[in-house]
Amino acid sequence: MLMATVWIPSLLQQFTNAEEIVSIQGKTIRQIIHNLDIKYPGIKDVLIDEHDNFKDGITLAVDGAINQLGLVEPVSESSEIHIVQAISGG
Amino acid sequence: MKNKSNGRSSHVEKLEVHPYTTKYKVIGTRPIRHDGLAKVTGQARYGADINMPGLLHSKLLRSPHAHANIVKIDTSRALKIEGVKAIITGTDFPITKHQNINLTEVLGNARNQAENVLATNKVLFKGHAVAAVAATTPQIAQEAINNIDVEYEILPSAIDLKEAMSDNAPLVHENMTTLELGSRFGKGTDTGVKSNISSHLQFKGGDLEKGFKESSVIVEREYSTKSVHQGYIEPQASTAQWHADNTVTIWTSTQHHFGVRGATAAILEIPEHVVTVIPMEIGGGFGGKIPVYLDPICALLSKKTGSPVKAVLSRKEVFESAGPTSGSYMWVKMGADEKGYVTAAHLYLAYEAGAFPRSPVGSGAVTALTPYKVDNFLVDAYDVIVNKTKVSAYRAPGSPQAAFAIETVIDELAEKLNIDKLDFRLQNAVKEGDRMPNGIPLQRVGCIEVEQAMQSHPHYNAPLSGPNKGRGVAIGYWGNFGGQSSATLAVNSNGTVNVITGSVDIGGTRPAVAMQAAEVLGLTAEDMIPTVGDTNSVGYTDPTGGSRTAFTTGIAAINAARKILNQMSDRAALLWEIDSSDVEFTDGVFINGNDKKLHLTFKELAGKLLKTGGPISASASASPRNEGVTFCGNIVDVEVDPETGKVDILRYTAFQDVGQAAHPSYVEGQMQGGTVQGIGWALNEEYFLSDDGTMLNSSFLDYRMPTSLDLPMIDTVLVEVPHAGHPFGLRGVGEVPIVPPMAAISNAIYSATGIRMTRLPMSPGAILEALGITETSKSPQ
């Protein structure tokens, strides 16, 4: 079964047994994070707050594009997902 | 041709408009900007121009200490002064009664913003405001300020970056602990260590040790930069009027009036819809006018007094309290093999955040290595709290500092390998598919094209003869920001179109956005009437900044224009009694597909709208997922005076991948403006602070920014690699120009003197010190 690949930042690899790239199933970012947390407990709390929003300054990029839909962002079977900072600018 | 102002020779015989051609009818042309006449004749209205009956004036009392507890504030003497109508302190903001400061939540946290605007229990930097007065005249307000008594308990302060990071440094926030991965990037792991380091971010790839083993040359250097200010010529100014129905109107100088609305509403704990923010014309921002400083104060004072209240920062206050960008400490170690391929890169970045978390160190960590294909890397980035004013964004925030370090090391590696500086960069340059340090693959980008343009430009190989002269190059990268924008278009009876957007116009985005809509509608730029709408007049729009406005607000305008076309086509079909699908539109003309002799121009059809069903208008928003990134490069020639250490810029050429220039003159203006700011950052600008955190050069006389008399023309080369994420291929252009100048100038100084400068600014005194020249010696030691 095809699964999306999630790239894990080095400081979060403590949750994934040092794995940098993991395969996770899901059709939305919400499902991806949920399933990621099942496989690697505790990682969800790093990403999502109690209001079900991304934590301050964090977002996920899907297939190279910054996520605009939050947790309902659709994900395909071959998607590549990166956990990144939210860059602004001046 | 001699430059009359300074006698230096210019390399061009006459001022030429850069030869530029476009495939579009409007995009890529150079119409006169719609707001130009008002601005050059003084008719444009700025924040400080607001006057109205009963207007009160506000002044702020500021802390004389960098770090102190506020024991007591006594306003009794001030309130007795005739003309004083109200005084507030930080505890008068409703939010401070119900929320605590949250140092793990920084982005948009209103409680933290309120604390930065007016301190409650503790002052965190010299100049931190502690009280605000509203009085009938500015002079009376100032007198009242002088009669407010504040009792402070002075605390040890952490001013120096490296000292603030040390284990025994005084803590700015007693209970703050360092977060791995950081508050900007997710809560991550709380180390439990109390420290002035608010967060640690890391990017890692490949095998660093292996990479260095494969190196035939390695360069390792330390760098430091000082805080610099955006230097916008117009200070912050705000006027608020609280109305009898408990709504409030704010006129303000800001890059983000929707942000002013949100912050003011949150701080005063009122619904957003009761706050109307009207953005005035703005005299520069560069990121420094995204935070709020005055608006909640004026709004609350107006509520208390029943009168409109106006506040304008002095230049001294701007420097001392309206966030500069971060000073930094950086360490870089890079290696390359004998063929000139970079094999390893190890970076340590520490940036000052000021009194609250969130410096742009994360952006610096991402952008530093992005121009180069490096498989083995480790980047550690630290966000550091110091007792200084909270930093604010400044044009590609975080990237210029990191580029200063990386681009000079790259130059040194090339030299050690005896490889041409641009050849070295080209063979390591990134292209589509290569990954940035955060792992995201690049799309189609113009890094190689920019460097090729530099290498083939006459400047690169022009003779540069004479002593103490040198040439330097550097590359810059910035990721841009997409964000969200809204636009509303309305067709007038004479065929002109009103274009209302939510984007404050800082650098020509008003015409740039209007031109994109005009291109869709087959009209001219002059047919478009662009206006910046207030928060009640147009949909939510993110700040003007992040190089997003011409891009994202342009897309919103394009989307609205397409809706207009659909409606106009439907109206033409109605008139011709045909199906809408049979209406064709070409070059501003609607054509009856069933009888092509029948046609109506856009203007002819517009004249019929009111009698055939009514006016036509359309709104649209844009939230593009693919904002694109941009690369740029500089070639600079300098001459260093060995007796004074002064560096003169002899010639400067700036290159940039702009995707597609909407209005080439304004794109060139962004390139020139950003370059000049980078030159000032490189050669002159810094915050001189005393040991107690006092800024000693808080005026434009002593904080020396380059003027037109200091520099030659900045030549520009627009490289166009269209961005697939925009209908016309635009890329954001406003920020990246500031990224490479410091490194380019440092490399040029090395070429001229043989000295590697690793500290900014490279002021005359710093140059002489590097040359080993002291007051008592007349030659380098």
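Remember, it's a predicted structure, so these values are computed and weren't measured experimentally.

1. Structural notes on the overall build of chain B
- Helix and strand counts for chain B come out as 21 helices and 28 strands.
- The C-alpha atoms of chain B give 27 Å as radius of gyration, which agrees with the globular expectation for 781 residues (28 Å, within 12%).
- Its C-alpha atoms put chain B at 90 × 75 × 55 Å along the principal axes.
- Nonlocal contacts in chain B, meaning residues at least 24 apart in sequence, comprise 78% of its contacts between residues at least 6 apart.

2. Focus on the overall build of chain A
- Helix and strand counts for chain A come out as two helices and five strands.
- The linear arrangement of helices and strands in chain A, starting from the amino end, is β-β-α-α-β-β-β.
- Relative to the 2.2 N^0.38 estimate, which gives 12 Å for 90 residues, the radius of gyration of chain A is 12 Å and therefore close to what a compact globule would have.
- Principal-axis analysis of the C-alpha atoms places the extent of chain A at approximately 40 × 25 × 25 Å.
- Expressed as a percentage of its 90 residues, the buried residues of chain A come to 51%.
- One finds the centroid of the 5 positive side-chain charges in chain A at a distance of 7 Å from the centroid of its 12 negative side-chain charges.

3. Notes on the side chain of Arg111(B)
Residues and elements named next belong to chain B.
- Among the structural elements, Arg 111 can be located in helix α4 (residues 110-117).
- Separated by 2.9 Å, the side chain of Arg 111 and the backbone oxygen of Gln 99 make a polar contact.
- Non-local contacts of Arg 111, meaning those with residues more than four positions away in its chain, are made with Ile 95, Thr 96, Gln 99, Asn 100, Ile 101 and Thr 120.

4. Section: the state of the cysteines
All names here are of chain B.
- On inspection of all chains with the given rule, the structure shows zero disulfides over all chains.
- Of the cysteine sulfurs around Cys 447, a residue in no disulfide, the closest is that of Cys 632, at 10.0 Å.
- Overall, Cys 447 belongs to the buried group, its relative accessible area being 1%.

5. Structural notes on the interface of chain A and chain B
- Across the contact, 28 residues belong to chain A and 44 residues belong to chain B.
- Buried area between chain A and chain B, both sides added, is near 2800 Å², and the carbon and sulfur share of it is 53%.
- Of all residues in chain A, Leu11(A), Asp56(A) and Gly90(A) bury the most surface against chain B, accounting for 25% of the area lost on that side.
- Connecting chain A to chain B are two salt bridges.
- Notably, a salt bridge pairs Glu80(A) with Arg435(B), separated by 2.5 Å at the nearest N-O pair.
- Where chain A touches chain B, the interface holds 11 residue pairs in polar contact (both at pLDDT 80 or more).
- Only β3 (58-62), β4 (65-66) and β5 (80-85) of chain A provide two or more residues apiece to the side of chain A that touches chain B.
- The biggest single contributor to the side of chain A that touches chain B is β5(A), with four residues.
- Within the side of chain A that touches chain B, the residues separate by chemical class into 13 nonpolar, 10 polar and five charged.

6. A look at the sheet that holds strand β13 (residues 275-279) of chain B
Residue and element names in this part refer to chain B.
- Ordered in space as β3-β5-β1-β14-β11-β12-β13, the seven strands form an open sheet in which the pairing is mixed. At either end of the open sheet lies a strand with only one pairing partner, and these are β3 (84-89) and β13. Within this sheet the neighbouring strands show an average axis-to-axis angle of 20°, counted without direction.
- As paired strands, strand β1 (residues 56-62) and strand β5 (residues 129-135) are joined by six bridges and run antiparallel to one another. Bridging across to β5, Leu 61 finds its partner in Ala 131.
- The sheet contacts of helix α8 (residues 257-268) involve β11 (237-242), β12 (248-252) and β13, and relative to β13 the element is tilted by about 145°.

7. What to know about the sheet that holds strand β18 (residues 469-478) of chain B
Residues and elements named next belong to chain B.
- The four strands are arranged β18-β26-β27-β28 in an open sheet whose pairing can be described as mixed. This sheet does not close on itself; its edge strands, each paired only once, are β18 and β28 (714-719). Shown here is a sheet whose adjacent strand axes are inclined to one another by a mean of 15°, direction ignored.
- Bridge count between β18 and strand β26 (residues 630-640): 10 bridges; the pairing is antiparallel. Note on β26: the bridge partner recorded for Trp 478 is Thr 630.
- Contacts from helix α20 (residues 741-753) reach β18, β26 and β27 (647-657) within the one sheet, and its direction differs from that of β18 by about 160°.

8. Considerations on the side chain of Thr501(B)
Residue and element names in this part refer to chain B.
- By the secondary structure assignment, Thr 501 is in strand β20 (residues 497-501).
- Judged by its relative accessible area of 8%, Thr 501 falls in the buried class.
- Residues within four places of Thr 501 in sequence aside, it is in contact with Ser 486, Ala 487, Val 513, Thr 531, Val 532, Gly 533, Val 538 and Thr 553.

9. What to know about the packing of aromatic side chains
All names here are of chain B.
- Applying the stated criterion to the full structure yields 13 aromatic pairs over all chains.
- Seen from their ring centres, Tyr 477 and Phe 631 are 5.0 Å apart, and the 45° between their planes marks the pair as tilted. Highlighted residues: Tyr 477 in strand β18 and Phe 631 in strand β26, separated in sequence by 154 residues.
- Under the relative-accessibility criterion, Tyr 477 is labelled buried at 4%.
- Assessed through its relative accessible area of 1%, Phe 631 is described here as buried.
- Arranged with centres 6.2 Å apart and planes meeting at 80°, the rings of Tyr 687 and Tyr 703 form a pair that is edge-to-face. With Tyr 687 in the loop between α19 (664-683) and β28 and Tyr 703 in the loop between α19 and β28, the pair connects residues that are 16 residues apart, well separated along the chain.

10. Details of the pattern of salt bridges
Residues and elements named next belong to chain B.
- The full count for this structure, using the stated rule, is 39 salt bridges over all chains.
- Close ionic contact of Arg 425 with Asp 411 constitutes a salt bridge, the shortest N to O distance being 2.9 Å. On the criterion of sequence distance, the pair formed by Arg 425 in helix α13 (residues 421-427) and Asp 411 in helix α12 (residues 399-416) is long-range, its members being 14 residues apart.
- Judged by its relative accessible area of 0%, Arg 425 is buried.
- Judged by relative accessible area, Asp 411 falls into the buried class, the value being 1%.
- Between Glu 415 and Arg 756 there is a salt bridge, and its shortest N-O distance comes to 3.6 Å. Linking Glu 415 in helix α12 with Arg 756 in the loop between α20 and α21 (764-771), this pair joins segments that are 341 residues apart in sequence.
- Overlapping salt bridges, with partners in common, bring together Arg 33, Asp 35, Lys 39, Glu 281, Asp 505 and Arg 510 in one network.

11. Considering helix α17 (residues 549-576) of chain B
- Look at α17(B): 39 Å from first C-alpha to last across 28 residues, which is about the 40 Å you get at 1.5 Å a residue.
- Count one or two residues on from α17(B) and you reach Glu577(B), which has phi positive near 55°.

What counts and what doesn't
Throughout, a residue's number is its position along its own chain's written sequence, starting from 1. Chains and ligands are labelled by the order in which they are written, letters from A for the one and numbers from 1 for the other. Under the rules for a predicted model, residues below a pLDDT of 70 receive no local features and side-chain atom pairs below 80 are neither given nor counted, while totals for whole chains, interfaces and linings still include all residues. The side-chain numbers reported here are obtained from all heavy atoms of the structure, hydrogens and water having been left aside. Only runs of H or I of at least four residues qualify as helices and only runs of E of at least two qualify as strands under DSSP, and these elements are numbered from the N terminus. Our radius of gyration looks at C-alpha atoms and nothing else; its globule reference is 2.2 Å times the residue count to the power 0.38. Contacts: residue pairs with any heavy atoms within 4.5 Å of one another. For every residue, the accessible area obtained with a 1.4 Å probe (protein chains only) is divided by the maximum for its type, and the residue is called buried under 20%, exposed over 50%, and partly exposed between those limits. For the purpose of counting charges, residues Lys and Arg are taken to be positive, whereas Asp and Glu are taken to be negative. His and the chain ends are not included. Working definition for charges: the position is that of NZ of Lys, CZ of Arg, CG of Asp or CD of Glu. For this analysis, a polar contact is any N or O atom pair within 3.5 Å, provided that within protein one partner can donate a hydrogen and the other can accept it, and provided that sequence-adjacent residues contribute only side-chain to side-chain pairs. Pairs of cysteine sulfur atoms within 2.5 Å are what we label disulfides. Here the quantity called buried area is the accessible surface, traced with a 1.4 Å probe, that two parts lose on coming together, added over both. Any carboxyl oxygen of Asp or Glu within 4 Å of a side-chain nitrogen of Lys or Arg constitutes a salt bridge here. Lys, Arg, Asp and Glu make up the charged group, whereas Ala, Val, Leu, Ile, Met, Phe, Trp, Tyr, Cys and Pro make up the nonpolar group; the residues left over, Gly among them, are polar. Pairing between strands is defined by DSSP: at least two bridges between the two strands are required. To obtain each axis, a line is fitted to C-alpha atoms, and for helices this fit is confined to the stretch in contact; angles are then taken between N-to-C directions over 0 to 180 degrees. Two aromatic rings, drawn from Phe, Tyr or Trp (for Trp, its six-membered ring), form a pair once their centres lie within 6.5 Å of each other, and the interplanar angle then sorts them: stacked below 30 degrees, edge-to-face above 60, tilted otherwise. One fewer than the residue count of a helix, multiplied by 1.5 Å, yields its expected span.

So far we have only geometry, and geometry alone does not tell us how the molecule works.
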